[in-house]
Amino acid sequence: FFTDDLNTRMHARLTLETNLHHALDNNEFMLYYQPQVEVSTGQISGMEALLRWQRSDGSIIQPLEFIPALEDSGLIVSVGEWVLETACREARILSDKFGRPLTMSVNISARQFNRSDIVEHIAFILKETGLPPGSLRLELTESLLMVDSEATIEKLHKLKELGVYLSIDDFGTGYSSLSYLKRLPINELKIDRAFVMNVSLNRNDAVIVNTIITMAKCLDLHVVAEGVETEDQRKFLASRQCPTFQGYLFSKPLPIDQFTTLLTKKTEESQ
Ligand code: C2E
Ligand code: MG
Ligand code: MG
């Protein structure tokens, strides 16, 4: 019984990996963009690139369903390359179109970060796309930073020298070690949605979010609150002077054409 189940799962995983190879060859991956918004003004300051897989039947698959398989198979390196290049190119086009710098946040998986030439690769993409390094924010996970190897630290410092921003995604959910905030050249914390969700209902979550915002301010780090869905949550963040948020309250992640339309509308409203 157990073996059958294992066989079925292994078979499903192999099929998924084969399909992902095809997806890369057939350009089935696409990026959605979710706005990052200034809490006080409601202005869009940038966006996060989020990967989607559009199957030939038109259905859209969410990243959590296929990113683990991309990582296990090593395909994440090629797909991640495509993500970085596409996101930087679109950010440059949007910044030019709207005549102001817009930041682009890109998720980087551990496997992708661990390639030995990641710094040179990012430098190349910035040069090729003409995106100013300060507009690129690399979202790294706490578990990646906890691997305190010489190679990791050296790469982080080189990326900082390049002028790229380093952000910690899902902050507070991993094996947090506050000491790395002091030792590593981090620029930004993204407060995980799990804490933001309950700020208006749960006192402990409110204290945690408040503490992260205060700590970030004292350490001179930028903060983004993730997963803001209600006006109450936004008001809480505004009252604590959290600079930026991201969430369904403002917009879900959108394909590039819809994202551009939203940006146009918000720009016109603010003029
Ligand atoms: P993440 O980087 O923490 O991205 C935020 C996730 O929260 C996104 O899910 C976004 O759609 C979702 N979200 C944003 N606002 C709200 C909200 O108000 N309510 C709710 N319920 N959800 C909200 P998504 O797009 O499904 O991505 C899931 C994860 O997949 C990402 O989490 C990231 O870890 C990973 N991922 C996505 N794109 C890439 C990529 O290009 N490369 C890598 N390595 N990982 C990626
Ligand atoms: Mg992210
Ligand atoms: Mg996150």
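As shown above, the structure is provided for reference.
Here the structure is a predicted model, which means the values were calculated and not measured. Chains are numbered independently. Their residues run from 1 in the order of the written sequence. Whichever chain is written first is A, and whichever ligand is written first is 1; the rest continue in order. The model is predicted, so local features are restricted to residues of pLDDT at least 70 and side-chain atom pairs to those at 80 or more, both for listing and for counting; the totals for chains, interfaces and linings are taken over all residues. Excluded from the side-chain calculations are hydrogens and water; all other atoms, namely the structure's heavy atoms, are used.

Draft legend 1. Just the packing of aromatic side chains, in detail. The aromatic pairing rule takes the rings of Phe, Tyr and Trp, using the six-membered ring of Trp, and pairs them if the centres are within 6.5 Å, calling planes under 30 degrees apart stacked, those over 60 edge-to-face and the rest tilted. Applying the stated criterion across every chain yields a total of 4 aromatic pairs. Note on Phe 29 and Phe 66: the rings are 5.9 Å apart at their centroids and 40 degrees apart in plane angle, and the pair reads as tilted. Within this pair, whereas Phe 29 is found in strand E1 (residues 29-38), its partner Phe 66 is found in helix H2 (residues 63-73), the two being separated by 37 residues in sequence. Burial here depends on accessible area, computed with a 1.4 Å probe over protein chains only, as a share of the maximum for the residue type. Under 20% is buried, over 50% is exposed, and the range in between is partly exposed. The class of Phe 66 is buried, set by a relative accessible area of 0%. An angle of 50 degrees between the planes, with centres 6.1 Å apart, marks the rings of Tyr 33 and Phe 259 as tilted. Of this pair, Tyr 33 sits in strand E1 while Phe 259 sits in helix H12 (residues 256-270), and the two are 226 residues apart along the sequence. Three or more aromatic residues link up through ring pairs in this structure, and these residues are Phe 29, Trp 53 and Phe 66. A ring has a charge above it when a Lys NZ or an Arg CZ is no more than 6 Å from the ring centre and no more than 35 degrees off the ring normal. Here Lys 155 stacks its cationic end above the ring of Phe 113, 5.3 Å away from the centre of that ring. Its end group placed over the ring of Tyr 248, Lys 252 keeps NZ or CZ at 4.8 Å from the ring centre. By the criteria applied, helices consist of DSSP H or I runs no shorter than four residues and strands consist of E runs no shorter than two, each listed in order from the N terminus.

Draft legend 2. Summary view of the site of ligand 1. As a structural note, the neighbourhood of ligand 1 is formed by 23 residues, with Arg 52, Asn 107, Asp 169, Glu 229 and Tyr 248 the closest of them. The separation between an oxygen atom of ligand 1 and a polar side-chain atom of Glu 48 is 3.0 Å. Whenever a nitrogen or oxygen atom comes within 3.5 Å of another N or O atom, the pair is scored as a polar contact, on the condition that within protein one atom can donate a hydrogen and the other can accept it, and that pairs from neighbouring residues in sequence are kept only if both atoms are in side chains. In the environment of ligand 1, an oxygen atom lies 3.3 Å from a nitrogen or oxygen atom belonging to the side chain of Glu 226. Every accessible area reported is derived by Shrake-Rupley at a probe size of 1.4 Å, with residue values counting cover from the shown protein chains alone. The protein chains hide 85% of the 800 Å² of surface that ligand 1 would expose on its own. Any residue with an atom within 4 Å of a point lines the site, the site being either a cavity, points on a 1 Å grid over the protein atoms alone where a 1.4 Å probe fits but cannot get out, or a pocket, an open set with protein on both sides within 12 Å along at least 5 of 7 lines. Think of it this way: a molecule belongs to a cavity or pocket when more than half its atoms come within 2 Å of the grid points there. One can see that ligand 1 is located within the largest pocket. Residue assignment for the shell around ligand 1 shows that the elements contributing at least two residues are strand E2 (44-54), H2 and strand E6 (165-171). Ranked by residue count, the leading element in the shell around ligand 1 is E2, at 4 residues. Polar here means any residue outside two lists: the nonpolar Ala, Val, Leu, Ile, Met, Phe, Trp, Tyr, Cys and Pro, and the charged Asp, Glu, Lys and Arg; Gly therefore counts as polar. Here the shell around ligand 1 is built from residues that sort into 9 nonpolar, 6 polar and 8 charged. One heavy atom within 4 Å of a molecule or strand is enough for the residue carrying it to be called near that molecule or strand.

Draft legend 3. Layout of the pairing of E2. When you tally the buried positions in E2, you get 10 out of 11 residues, the bulk of the element. Pairs of strands are assigned from DSSP output, requiring at least two bridges between the strands. Bridge count between E1 and E2: 9 bridges; the pairing is antiparallel. Paired with Leu 31 across the two strands is Leu 51, which belongs to E2. One ladder, built from 4 bridges, connects E2 with strand E4 (residues 103-107); its direction is parallel. Its bridge partner lying in E4, Ala 49 is registered against Val 106. The antiparallel pairing of E2 with strand E3 (residues 60-61) creates a hairpin that spans 5 residues between the two strands, and Gly 58 there sits at a positive phi of about 95 degrees.

Draft legend 4. How the structure looks around the coordination of the magnesium ion (ligand 3). Here the coordinating atoms are restricted to nitrogen, oxygen and sulfur within 2.8 Å of the metal centre, or 3.2 Å for Na, K and Ca, and because water is not among them the sites may look incomplete. Those donors, Asp 169 (OD), Asp 170 (OD), Glu 226 (OE) and Glu 226 (OE), are the protein atoms that reach the magnesium ion (ligand 3), and they lie 2.0 to 2.4 Å from it. Along the chain, the residues that donate to the magnesium ion (ligand 3) are spaced as D-D-x55-E. In this structure, the magnesium ion (ligand 3) lies 4.1 Å from the magnesium ion (ligand 2), and both are coordinated by Asp 169.

Draft legend 5. Fine view of the pattern of salt bridges. Salt-bridge detection follows one rule: a side-chain nitrogen of Lys or Arg within 4 Å of a carboxyl oxygen of Asp or Glu. Inspection of the entire model under this criterion finds 14 salt bridges. Across the salt bridge formed by Lys 266 and Glu 269, the nearest N and O atoms sit 3.8 Å from each other. Taken together, the positions of Lys 266 and Glu 269, both in helix H12 and 3 residues apart, correspond to about one turn of that helix. Connected through shared salt-bridge partners, Glu 48, Glu 139, Lys 190 and Glu 226 make up one network.

Draft legend 6. Structural detail: the coordination of the magnesium ion (ligand 2). Surrounding the magnesium ion (ligand 2) are the protein donor atoms Glu 48 (OE), Asn 107 (OD1), Glu 139 (OE) and Asp 169 (OD), which sit 1.9 to 2.2 Å from the metal. Each donor residue of the magnesium ion (ligand 2) belongs to the same chain, with the gaps between them written as E-x58-N-x31-E-x29-D. Given a relative accessible area of 31%, Asn 107 falls into the partly exposed group. Residue classification places Asp 169 among the buried residues on the basis of a relative accessible area of 8%.

Geometric descriptors of this kind do not, in isolation, establish any biological role.
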